[in-house]
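# Examining the three-dimensional arrangement
Each chain, written out:
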Amino acid sequence: MQTELILSGFGGQGIMFAGQIISYAAMDAGKQVTWIPSYGPEMRGGTANCTVVIADDEIGSPVVKNPDAALVMNLPSLDKYEPTIKPGGVLVINASMVDRPGQRTDIKSIAVPCNEIADEIGNSRLANMVAVGALVEMSGALTVKDIEEALNAHMPGRHKHLLPKNIEAIKRGAEYVRAHR
Amino acid sequence: MQTELILSGFGGQGIMFAGQIISYAAMDAGKQVTWIPSYGPEMRGGTANCTVVIADDEIGSPVVKNPDAALVMNLPSLDKYEPTIKPGGVLVINASMVDRPGQRTDIKSIAVPCNEIADEIGNSRLANMVAVGALVEMSGALTVKDIEEALNAHMPGRHKHLLPKNIEAIKRGAEYVRAHR
Amino acid sequence: MTATTTDNLVYERPESFTDAPTHYCPGCTHGVAHRLIAEVLDEMGLTSRTIGVAPVGCAVFAYNYFDCDFVEAPHGRAPAMATGIKRVLPDRIVFTYQGDGDLASIGMGEIVHAAARGENITVIFINNANYGMTGGQMAPTTLPGMKTSSSPTGRDVETQGYPIRMAEMLATLDGAGYIVRRSLHDPKNIRTAKKAIRTAFEVQSRGLGFSLVELLSTCPSNWNITPVESLKWLEEHMLPYYPLGDYKVAASVTAAKI
Amino acid sequence: MTATTTDNLVYERPESFTDAPTHYCPGCTHGVAHRLIAEVLDEMGLTSRTIGVAPVGCAVFAYNYFDCDFVEAPHGRAPAMATGIKRVLPDRIVFTYQGDGDLASIGMGEIVHAAARGENITVIFINNANYGMTGGQMAPTTLPGMKTSSSPTGRDVETQGYPIRMAEMLATLDGAGYIVRRSLHDPKNIRTAKKAIRTAFEVQSRGLGFSLVELLSTCPSNWNITPVESLKWLEEHMLPYYPLGDYKVAASVTAAKI
Amino acid sequence: MPAKGWIKVNDLYCKGCELCITACPPQVMALNKERLTSKGYHPAYVYKDGCTGCAICALVCPDAAITVYREVTKAAPSAAEGG
Amino acid sequence: MPAKGWIKVNDLYCKGCELCITACPPQVMALNKERLTSKGYHPAYVYKDGCTGCAICALVCPDAAITVYREVTKAAPSAAEGG
Amino acid sequence: MARELWEGNQAIAEAAIRVGLEAYFGYPITPQNEILEWLARRMPEVGRAFVQAEAELGAINMVYGAACTGARVMTSSSSPGISLMMEGLSYIAGTEVPVVLINVMRGGPGLGNIAPSQADYNQICKGGGHGDYHVLVLAPASVQETIDLMPVAFDLAEKYQTIACLLIDGSIGQMMEPVELPEMRPVKRKDFPWATSGAIDRPRRILTSIYLDPPEEEKTNLRLLKRWHEIQENEIRYKEYFLDDAEIVVIGFGTAGRVALSAVRSAREQGIKVGLFRPVSVAPFPYARLADLASRSKRFLVVEMNTGQMLDDVRLAVNGSIPIDFYGRLGGVVPFPDEILSEIQRVATSAPVPGEDPVRAWSKRMVEVTK
Amino acid sequence: MARELWEGNQAIAEAAIRVGLEAYFGYPITPQNEILEWLARRMPEVGRAFVQAEAELGAINMVYGAACTGARVMTSSSSPGISLMMEGLSYIAGTEVPVVLINVMRGGPGLGNIAPSQADYNQICKGGGHGDYHVLVLAPASVQETIDLMPVAFDLAEKYQTIACLLIDGSIGQMMEPVELPEMRPVKRKDFPWATSGAIDRPRRILTSIYLDPPEEEKTNLRLLKRWHEIQENEIRYKEYFLDDAEIVVIGFGTAGRVALSAVRSAREQGIKVGLFRPVSVAPFPYARLADLASRSKRFLVVEMNTGQMLDDVRLAVNGSIPIDFYGRLGGVVPFPDEILSEIQRVATSAPVPGEDPVRAWSKRMVEVTK
Ligand SMILES: Cc1ncc(C[n+]2csc(CCOP(=O)(O)OP(=O)(O)O)c2C)c(N)n1
Ligand SMILES: Cc1ncc(C[n+]2csc(CCOP(=O)(O)OP(=O)(O)O)c2C)c(N)n1
Ligand code: SF4
Ligand code: SF4
Ligand code: SF4
Ligand code: SF4
């Protein structure tokens, strides 16, 4: 079994870390995993994205053209990746930054107001974690629990105090999905 | 028809120029010719030598292992090249610098007191020209006349005043051969 | 300033600029240096005769912003490329634009020898005390104790050596015609920097030899402070180590009263 | 001077020398420089702890003459090799021996940065105003108007630039500990040259940083004059352009009272 | 009473770095938090009266985003010219 | 009366460059035109009395070809040492 | 040891430290800066030598000097920086001292870009420097494989007194994977009989690459060649997948080989009898093994992120015995598995065109692709 | 024009001037100093640019800059100096500007020696710099042929916007032969549509080798490849001797080929049916012609002054159709005709050993030779 995810958004939206925490969770769940950043012409700023491949045995290509699921945090990312998702795949849209819904009917898509939810928690920088919660819930590749434990195990010491809020953000993201699909 | 000559001696004995003047003569005589200096470990000083190949058509190798004729101006050169000369070939030894005669019986060899003869002419630096005269006379590859004309045609202007003595040196070298073989 | 119809226009974007927005980080004074060069080219009417040489560094895309011919040099070799161009096109204006990694580290041989040859080119040297493009590693100009991605505990002069003051060093060369250091951290200094850049190009157009303007510049992104804080940091930390001034003004240049 | 049984022996060939005769041209003062180094190594008892770095140049075979470990560097890169050696063997004495083409032309980047890093090595720099090994081409140190095989009508400063005074230039670097220029053209100067070489090695053995001794030297073969005339030529033409003196003696060195 | 001036900030170039804002002598500039440029920056603008058209903002702007005008009878010397 | 000294010039090293000859204070050295070294040089030698053993010749010799002795009761400082 | 998630470049750097790296000399260049930055922090911590050189020229010659002492040394760079090391590498090879070199390849030629590429294969495998010498080149395809080869590279460099190069690309350098790092080993400098470490209680030693007398240089060249032949006999490494019954063999090294694995799996699912051969040692190249595979299969498909550099080695191995197809992506473009899959399908369903040049045929197809 | 006796290096330099060399940038290195020294005197005389650069790195980048203006420019060096130019050459190739390069090869690797060698074949023909690019390489065997190829090199460099290299060795550089030099031509700079000479009365131009977007770089790589394929179709050059009825074909370039000619003649005198094939363009390599010869003869003997670098190209051409033998001398040793003659005799009288590696077989024989 192999699951391929693409996460994409503006630099600074925490997309890379989001992909890494999923990777940690997959590793701790005893799976093979690769995390790879994209190479765009931008040197800095602009859109950043990463690809996460989770599998039971040796992973071939770390890059994928048609992911099982995509998380898009801004409009350019939606435009770029929605068409590439596998039929039957998953699309999570950060509704706070993207004003249009997904257009494809052959995939499961959901729009989550990540920033608003993060603001409610009291830290808008947690929008990425809200999104992760939603993505995990939608794709079922891993459980929210996996992510929680991964955060617990791998969050650098100096950030540990942020742990509770991060976990809350993930849960809220997952909840939102359960409530709205 | 192809004739291969090796000229060898101490740096400063004018060996390179001797080879070049023969090459000029060959060229003016309408022949193909190559002149190539040797590559020894010495950067400066030590023994220098050059190889001259004269032929009627396109010359292959500019380097030769077994020359038709060799001119040796010092002992190391005699030791090195006497054994390499083709059977029936020619060996010219500068007796002024080398105190032993040639040992091979299957080649025509002659010892010419080049420096003494040059001193008689009044310029010991002409020993190389005396040797050239002897070599040409012995090998018969070219005529003394060819060399004279070459000197005439190619001796750099600023040295032209040395021409007569150079020519005399060549003639004396050739005469010595005729007188002593 | 270039002629204009709007008689109440005080300042507008220089004509020597293309319309392209730069890729520089917000508040990076690379942009100020670019603008000053463009203004000088405008004022001297040199644009069409000028050939620029871009470095490898954040300014690698400088060729996108100036409306003149441009080439892009290997890392540190801009002065050599400029030499090649100037020698076959002596009546053109040739300038290089180089960062401190490009000019003072890998390009040391080329810049010293271009200056020693008295190569009739102009060099705009951006000293921002680090390697911007590759993520803020230590440069030869990084201050003692300064933290960078390759001096994580601060530059240790014992093992990593001391910063190089390029203007002072190049000023020891007989070939150098005009070597000065300026700064871009406030309006006053920006004005004097522009004057120096103008002088440098004058020196070249009059055939008076090698000219170089070292400009103290900011790198907010890798210094990890805001653009505004960066100007302060430059003033407080770089100015003391890199005194502004004229390090070499050849007699011929003084005589020319530029 | 090393202990000896012959109590009336005044001078003998240094022990740090091998028995090999040098390949240098007759009267070339490369040989004098070699001898002084060997004498200093003898007197300081450093030979077995010393690793030399030979250049590409006439001194390429220096490793044949000194009775210590030696490596042979690519043209101009001796200071980089020396850095690599010293960093892994800090308790060894590491010195480079370089000509002016090697050090001041192709090796400019390496020497400037070794000095700027305050690399704890010693550099013996032979300035003979030309490229000896390759047949006397122009060097960065070739005097204005001087004829060489690549400046056949005399060095034209307009197109070929000005000589570089390395000692003066390197002295501007904070990392440099001891930078002096000496000459080998007469007994008095040979003595002071030896003192400087000794000081340079002292500086290194006390860990006081980068030391360099520039030695004005002759090249009779390519200058096309006799060895004796060469000494005169050096005195009359090189001394005025390359003043002898101490260009950088770091406070730490002065303090150490070497 | 100081000369009256006004500026245009070009959204295409402005990156909201605030250098102009701190440099502005009469301190009449700010970032416009209402607006985002296509690149996602809040652009600078003059938020209150008092611009003298001194062009200091343009002088410090790294992105040549500012055009400066001033009410005049005859053209004034431009600060950017270093006059 | 000056100290009496003498030198040995090693044929293996001497290249007949004459630097010692011109440097020799009492001017007692010359090239030996009678002899050629294996490398083909006329080596230097002391051709008349007066060598003081000052070791100046050794100091200037590029080929460390000279060994210097001096008649002494106790070892004298060596010129080559820079003493 | 537990698996940890590491970024490739950092894992490589840490692995080098743990297997006894004594000194690192390098210069920043993307996409391998994290190697230099990791070592800038860690080497001083463990009391070893780190120098950010003034340039790659300085770096390779510092490495050269340090290697002469017998210490374990390494440098790393990316394509343009590696080109600047060519003179130094030739000297190191000619001096017969052990050095480990890492090239994290990027798009070229020239300044190119910072994306993953494999276009420096010929440079390092065929001799980018002057003179006759060979570099031992290992081309891993994952972070784990790279760090597993780190101690191998050092050991082989020392065993054969040669340069050992780890040839990877930016995707391996910047990708994160769970890996097991080697245990931290104590540094113990071997006292090599050639090392110039100071002539204390032993005769002096000289390390040089100059042999002014040609016959001496010739002997040296032959000694190097002999050693290379030993390396060819003993140090061939490769990975094979689904080859038992394969009629089509896909051949690719590093990232291209890894991406091809996905394509081969999908092709297998479609019932195509295809396998994958991934050379790990690209120099020495597994000629014999490929000749053997050629005798047991119908057709080869070579996949590279360049214009067909390794392809020539495959052709030399096969010697015309079976047809070879080629597929490449260039300039920093990493092929997707589906591209390779369709190439496999094309090969599986079309007859080979006799005498066709695989590169020309591919480049014609590419012109369409990139229109 | 009358024949004059010229030293190779000087003749090359003078020929370059006569065919319109506008600027030369170089750095001294044996055995090519006479090129630089000749130009140091002559270029100022004719009012053109000469700069002795601070190093080869400076020289190649001065050449790079001057080439960007559309001027006829050239540099020359020898092996170690050429290695230092690899980054610059890769940039020049990536920028697609014309440059002429002369490599007077010497013994290597490393500092080696100053004697004639052919060991830089792979470096220049297979890509010593990073990234995918090709250099057009011509390997003349005499002074006359070298100067005859001088204008050809400039014209081809400009026609294909490529680097054209004259690959010779010290024996050609320092040998004297009677030659006819080309007439002195007036310099007329073509106004190329790409030249950055100042945007006077035209839109500005940019010359760069950076393509940060991989697909753009890929297009560039394909453009370079396409041009290379054109070169392969149009610019093959070679010389053939005694091939009509040849059963054994000796193959060698440059000096090795020239020495082989003497051996082939002697062998013919002994009645051995042997001929000589001397590639003049070694890149592009005459694969097709050799494949054709392979079909008409029994056995190939490759002779080089290296360990068998061109041999791989011959093997690629022959594709296993006939056996190939190899003979090489290394490190500055120039083979004598009689050595090659005895190799010809050996080949003529002994049956080929199936599956034998020609290099290994030769190196075993050599160990005896050099004992
Ligand atoms: C030969 C080579 N080495 C290294 C690099 C990587 N590199 C690109 S830019 C740069 C340094 C840029 O710093 P600086 O010159 O100070 O300019 P800045 O980015 O700070 O403006 C380096 C090391 C390269 N492109 N080529
Ligand atoms: C990369 C490289 N470039 C050029 C050369 C040729 N070369 C050998 S020695 C030398 C210059 C030597 O001159 P210098 O350093 O002044 O030493 P000297 O011979 O005068 O003592 C040159 C250019 C080389 N060996 N390697
Ligand atoms: S990285 Fe630094 S130097 Fe580069 S553009 Fe950003 S702020 Fe400017
Ligand atoms: S060439 Fe000059 S420097 Fe070299 S050994 Fe001879 S005299 Fe000395
Ligand atoms: S300085 Fe320029 S870029 Fe910065 S905020 Fe002001 S207008 Fe915008
Ligand atoms: S100085 Fe030395 S080498 Fe020269 S002549 Fe005197 S003894 Fe001989």
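Residues numbered from 1 in each chain as written. Chains lettered and ligands numbered in written order. Predicted model: local features only at pLDDT ≥ 70, side-chain atom pairs only at ≥ 80, totals over all residues. Heavy atoms only, no water.

Below, the discussion takes up the site of ligand 5. Lining the immediate surroundings of ligand 5 are E:Cys14, E:Lys15, E:Gly16, E:Cys17, E:Glu18, E:Cys20, E:Ala44, E:Cys61, E:Pro62 and E:Ile66. Residues belonging to the shell around ligand 5 are distributed by class as follows: seven nonpolar, one polar and two charged. (Near = heavy atom within 4 Å. Nonpolar A, V, L, I, M, F, W, Y, C, P; charged D, E, K, R; others polar.)

Attention shifts here to the interface of chain G and chain H. Taken together, the 66 residues of chain G in the interface contact 66 residues of chain H. Note on chain G versus chain H: buried area summed over both sides is about 5600 Å², and carbon and sulfur give 57% of it. Joining chain G to chain H, the criterion identifies four salt bridges. Among the ionic pairs, G:Glu233 bridges to H:Arg360, the shortest N-O distance being 2.2 Å. Applying the counting criterion to the chain G and chain H interface returns 38 residue pairs in polar contact (both at pLDDT 80 or more). Looking at the side of chain G that touches chain H, the elements that each hand over two or more residues are helix H4 (79-83), helix H5 (86-95), helix H6 (121-125), helix H9 (214-234), helix H12 (309-318) and helix H14 (358-369) of chain G. Looking at the side of chain G that touches chain H, its residues break down into 25 nonpolar, 28 polar and 13 charged. (Contact = heavy atoms within 4.5 Å. Buried area = accessible area lost by both parts, 1.4 Å probe. Salt bridge = Lys/Arg side-chain N within 4 Å of Asp/Glu carboxyl O. Polar contact = N/O pair within 3.5 Å; in protein donor to acceptor, adjacent residues only side chain to side chain. Helix = DSSP H or I, 4+ residues; strand = E, 2+ residues; numbered from the N terminus.)

Time to look at the packing of aromatic side chains. Residue and element names in this part refer to chain C. In the structure shown here, the tally under the stated rule is 38 aromatic pairs over all chains. Look at phenylalanine 61 and tyrosine 63: their rings are 6.0 Å apart centre to centre, the planes differ by 80°, and that puts the pair in the edge-to-face class. Tyrosine 63 carries the same exposure label as phenylalanine 61, and that label is buried. By the ring-pair criterion, three or more aromatic residues cluster together here, those being Phe17, Phe66, Phe70, Phe95 and Phe201. (Phe/Tyr/Trp six-rings, centres within 6.5 Å; stacked < 30°, edge-to-face > 60°. Buried < 20%, exposed > 50% of the residue type's maximum accessible area, 1.4 Å probe, protein only.)

If charged atoms from side chains of opposite charge come close, those side chains can pair. Applying the stated criterion across every chain yields a total of 124 salt bridges over all chains. Taking the shortest distance from any N to any O, the salt bridge between E:Lys15 and E:Asp63 comes out at 2.9 Å. Pair noted here: E:Lys15 is in the loop between strand S1 (5-9) and helix H1 (19-23) and E:Asp63 is in the loop between helix H2 (56-60) and strand S4 (66-70), with a separation of 48 residues, a long-range link. The class for E:Asp63 is buried, based on a relative accessible area of 6%. One salt bridge connects G:Glu45 with G:Arg42, and the closest N-O pair in it is separated by 3.2 Å. Here G:Glu45 pairs with G:Arg42, and both are found in helix H2 (residues 33-45), just three residues apart, close to one helical turn. A single salt-bridge network, built from bridges that share partners, covers C:Arg35, C:Glu39, C:Glu43, C:Lys194, C:Arg198, C:Glu202 and C:Arg206.

Now for the nonpolar core. Counting residues in hydrophobic clusters, the biggest one holds 478 residues, and the most contacted among them are G:Met74, G:Met150, G:Phe300, H:Met74, H:Met150 and H:Phe300. If sequence neighbours within four positions are ignored, H:Phe300 has contacts with H:Val249, H:Ile251, H:Leu290, H:Leu293, H:Ala294, H:Val314, H:Val318, H:Ile322, H:Pro323, H:Ile324 and H:Asp325. (Core = buried A, V, L, I, M, F, W, Y, C linked by side-chain atoms within 4.5 Å.)

Residue and element names in this part refer to chain G. Strand order in the open sheet made by the five strands is S10-S12-S11-S14-S15, with mixed pairing throughout. Because the sheet does not close on itself, it has two edges, and the strands there are strand S10 (238-241) and strand S15 (324-328). Strand-to-strand twist of the sheet, defined as the mean angle between neighbouring strand axes without regard to direction, takes the value 20°. Note: strand S11 (residues 248-251) against strand S14 (residues 299-304), four bridges, orientation parallel. Bridge assignment links isoleucine 251 to a residue of S14, and that residue is valine 302. The sheet contacts of H12 involve S11, strand S12 (274-279), S14 and S15, and relative to S14 the element is tilted by about 155°. (Pairing = 2+ DSSP bridges. Axes fitted to C-alpha atoms, helices over the stretch in contact; angles between N-to-C directions.)

A few words now on the site of ligand 1. Not every one of the 23 residues close to ligand 1 is listed here, only the nearest: C:His30, C:Asp100, C:Asp102, C:Gly132 and G:Glu56. Taking C:Gly132, its main chain carries an N or O atom lying 2.7 Å from an oxygen atom of ligand 1. In the complex, the protein chains occlude 99% of the 590 Å² of accessible area that ligand 1 would expose alone. Top contributing element to the shell around ligand 1 by residue count: helix H3 (residues 100-106) of chain C, with four residues. Class assignment for the residues of the shell around ligand 1 results in ten nonpolar, nine polar and four charged. (Areas by Shrake-Rupley, 256 points an atom, 1.4 Å probe, with all protein chains shown as cover.)

What follows covers the arrangement of the chains. Among 14 pairs of chains with at least one contact, chains G and H form the most extensive contact set. A gap remains between chain F and chain H, which never touch, and the nearest two C-alpha atoms on either side lie 23 Å apart.

Let's shift gears to the side chain of D:Thr29. All names here are of chain D. Take threonine 29: it is sitting in the loop between strand S1 (9-11) and helix H1 (30-44). The exposure class of threonine 29 is buried, given its relative accessible area of 1%. Discounting chain neighbours no more than four positions away, the residues touching threonine 29 are Leu184, Ser217, Thr218 and Leu231.

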